[in-house]
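What follows is the residue order along each chain.
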Amino acid sequence: MYDCSKGQLLKMNILVINCGSSSIKYQLFCMETKQALANGTAERIGSREAFIVYKKGNRSYKLESELTDYFLAIEKISELLLNPESGVIKHKDEIVAVGHRVVHGGEEFKNSVVIDKYVLKRIKFYSKLAPLHNPPAYNGIKAAMRIFPKIKQVAVFDTAFHQTMPQEAFVYGLPFDLYKKYSIRRYGFHGTSHRYVSDEAAKILKKPLDSLKLITCHLGNGCSISAVKYGSSVDTSMGFTPLEGLIMGTRCGDIDPALIGYLMREEKMTIHQMEELLNRKSGLLGISGKSNDMRDLLVLAQKGNKRAALAIDVFIYRVKKYIGAYIAVMNGVDAIVLTAGIGENVLMIKERLEQELNNVLSHKTKILLIHTDEEKLIALDTFDLINGVISSSK
Ligand code: AMP
């Protein structure tokens, strides 16, 4: 295999950055091999307990470090990549571009784009639709621009893949003026993951993506499911925010919206408390009363814990219900893909879906377990954009 840390083809590495509210996930990709040379996280940025994890091959290093902001964190990441002993590159200019995960691109960004002043301004603007996610991405991009001033920065949006949904799938049954006034509609998230596993499914099935009807289930801490018809997302379970749809670790997914007013009145809750309940105290954690982690629930259910077993049943039932809906939406399905932490690892879900959907699925329908790699797709899009293979269009 080609070794990007040696030889002349050094200038082909892409740094992928994914900024959360107090953390950064990073990976440096060699674009010859499409493999990660190093990766890790910077965590608790802004606190005294900040640290960086740096992984290269089988080795993992944890370093406590003063990371007061994103600039210092990305600078430290860059230092680690360049470190003469543990690093993977010798010069900063061996990094040819930086790809950033950005959660919300509104209705405007239907593809990945090279970031200029306008794009940066719009990412900030869409913070009002993703107040927890777009501000850290914006700060991360600004920091990376200062640290790597000579190279292009690319934004890859979670919402972009779902911009192909038809109106009947994205319009809510609310007064239409609210859509026009506040851009309230279904956006969908995890787009990079749904797109990545769709591409992989087509390779596995040895059929062109534009001939396939796929249902992709991203089942991790956050969960969403998409109907991908001939390569385009035509519906997805997350909505205006990532709260709608499937049951998740701590998020409730679909509920009767009238419950919100009812509970706020009965329990005398503030809006903030209500949002906390729906986002952080519900889902697998809420039903089981024990854990948001599927691994814990599987162990508990095995030991006879009824609520843990119920949480797992409700989780799988909701997935099955959406699969049924999306078979109707696409008038058929060629394959169902299970991905992310739960989807890839909990074989019982695949087995149960196979059994329970037995009457609905044709014998040709496959259920595939595919490892998702959003960072890799971000690196590939970044590489294609800087090389002009795809254009930086909206
Ligand atoms: P993710 O957001 O993709 O990291 O997925 C996190 C979820 O995947 C958590 O609920 C984990 O419990 C679950 N998960 C990860 N690995 C396993 C595993 N080997 N078996 C069961 N669940 C797992």
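Not measured: the values here are computed from a predicted model.

1. Considering the overall build of the protein
The number of helices and strands found in the protein is 14 helices and 13 strands. For the protein, the C-alpha radius of gyration of 22 Å lies close to 21 Å, the compact-globule estimate for 394 residues. Taking the principal axes of the C-alpha coordinates as reference, the protein spans close to 55 × 55 × 50 Å. Counting over 394 residues, the protein shows a buried share of 48%. Taking as baseline every contact in the protein between residues at least 6 positions apart, the subset at least 24 positions apart corresponds to 64%. With the model as given, the accessible surface of the protein reaches about 19600 Å², and the carbon-plus-sulfur share is 52%. Charge separation in the protein, taken as the distance between the mean sites of 53 positive and 42 negative side-chain charges, equals 1 Å.

2. Topic: the site of the ligand
In the neighbourhood of the ligand, the contacting residues comprise Gly 220, Asn 221, Asn 292, Asp 293, Met 294, Arg 295, Ala 340, Gly 341, Ile 342, Asn 345 and Val 346. For the ligand, an oxygen atom lies 3.2 Å from a polar atom in the backbone of Ile 342. When the ligand sits alone it has 500 Å² of accessible area, and the protein chains cover 70% of it. Counting only elements with at least two residues in the shell around the ligand, the list comes to α10 (294-302) and α12 (340-345). It is α12 that contributes the most residues to the shell around the ligand, 4 residues altogether.

3. Some points on the pattern of salt bridges
The full count for this structure, using the stated rule, is 15 salt bridges. Between Lys 350 and Glu 354 there is a salt bridge whose closest N-O contact spans 3.3 Å. Here Glu 354 and Lys 350 lie together in helix α13 (residues 347-356), a separation of 4 residues that amounts to about one turn. Each of the salt bridges in this network shares a partner with another, and the network as a whole consists of Asp 313, Lys 320, Arg 352 and Glu 356.

4. A short note on the nonpolar core
With 54 residues, the main nonpolar core has Ile 215, Cys 217, Leu 219, Phe 315, Ile 323 and Ile 336 as its most contacted residues. Counting residues per element, this core draws most heavily on helix α11 (residues 306-330), at 11 residues. Counting residues in each nonpolar core, the second largest holds 30 residues, with Leu 15, Tyr 70, Ile 147 and Phe 148 among its members.

5. Here we look at the side chain of Ser 291
Counting through the fold element by element, Ser 291 comes out in the loop between α9 (283-288) and α10. Discounting residues that sit within four places of it in the chain, Ser 291 has contacts with Leu 284, Leu 285, Asp 296 and Leu 297.

6. So, a nonpolar patch on the surface
A grouping of Ile 255, Leu 259 and Tyr 262 is seen on the molecular surface, where their side chains present a nonpolar patch of about 270 Å² in accessible area. Residue position: Tyr 262 is located in helix α7 (residues 258-266). Residue class for Tyr 262 comes out partly exposed when judged on its relative accessible area of 48%.

7. Comments concerning the sheet that holds strand β1 (residues 13-19)
Across the sheet, which stays open at both edges, the 8 strands sit in the order β5-β4-β3-β2-β1-β6-β8-β7 with mixed pairing between neighbours. Each of the sheet's edge strands pairs with one partner strand only, and the pair in question is β5 (59-64) and β7 (113-114). Here β1 pairs with strand β6 (residues 95-102) via 5 bridges, running parallel. In the sheet register, Ile 14 faces β6, and the bridge partner there is Ala 97. Lying on the sheet, helix α3 (residues 134-147) is in contact with β1, β6 and β8 (152-157); it crosses β6 at an angle near 170 degrees.

8. Here we look at helix α2 (residues 117-125)
Of all the residues in α2, the buried ones are Val 119, Leu 120 and Ile 123. Along the long axis of α2, the arc covered by the buried residues comes to 100 degrees, so they all point the same way. Across α2 from its buried face, at more than 90 degrees, point the exposed residues Lys 117 and Lys 121. For α2, the elements touching its buried residues are β6, β7, α3 and β8.

9. A look at the side chain of His 100
With respect to the element layout, His 100 can be found in strand β6. Side-chain polar atoms of His 100 contact the side chain of Gln 153, separated by 2.7 Å. Leave out the neighbours within four places in its chain, and His 100 touches Ile 17, Ile 115, Gly 140, Ile 141, Ala 144, Gln 153, Val 154, Ala 155, Val 156 and Ile 378.

10. Focus: the pairing of β6
Counting buried residues along β6, 6 of its 8 residues qualify, which places the element largely inside the surrounding structure. In this structure, β6 lies alongside β8, joined through 6 bridges in parallel fashion. Bridged to His 100 within β8 is Ala 155.

11. Quick look at the sheet that holds strand β11 (residues 232-236)
Read across the sheet, 5 strands follow the order β11-β10-β9-β12-β13 without closing on themselves; strand pairing throughout is mixed. With partners counted over all chains shown, the strands left at the sheet margins are β11 and β13 (366-369), one partner each. For this sheet, the mean angle separating the axes of adjacent strands, direction not counted, is 25 degrees. In this sheet, β11 lies alongside strand β10 (residues 223-229) in antiparallel orientation, the contact comprising 4 bridges. From the neighbouring strand, Val 228 faces β11, where its bridge partner is Ser 233.

Definitions and cut-offs
- Residues numbered from 1 in each chain as written.
- Predicted model: local features only at pLDDT ≥ 70, side-chain atom pairs only at ≥ 80, totals over all residues.
- Heavy atoms only, no water.
- Helix = DSSP H or I, 4+ residues; strand = E, 2+ residues; numbered from the N terminus.
- Rg over C-alpha atoms; globule rule 2.2 N^0.38 Å.
- Buried < 20%, exposed > 50% of the residue type's maximum accessible area, 1.4 Å probe, protein only.
- Contact = heavy atoms within 4.5 Å.
- Areas by Shrake-Rupley, 256 points an atom, 1.4 Å probe, with all protein chains shown as cover.
- Lys, Arg positive; Asp, Glu negative; His and termini not counted.
- Charge placed at Lys NZ, Arg CZ, Asp CG, Glu CD.
- Near = heavy atom within 4 Å.
- Polar contact = N/O pair within 3.5 Å; in protein donor to acceptor, adjacent residues only side chain to side chain.
- Salt bridge = Lys/Arg side-chain N within 4 Å of Asp/Glu carboxyl O.
- Core = buried A, V, L, I, M, F, W, Y, C linked by side-chain atoms within 4.5 Å.
- Patch = residues over 30% accessible without salt bridge, like charges linked within 9 Å, V, L, I, M, F, W, Y side chains within 5 Å.
- Pairing = 2+ DSSP bridges.
- Axes fitted to C-alpha atoms, helices over the stretch in contact; angles between N-to-C directions.
- Arc of directions from axis to C-beta.

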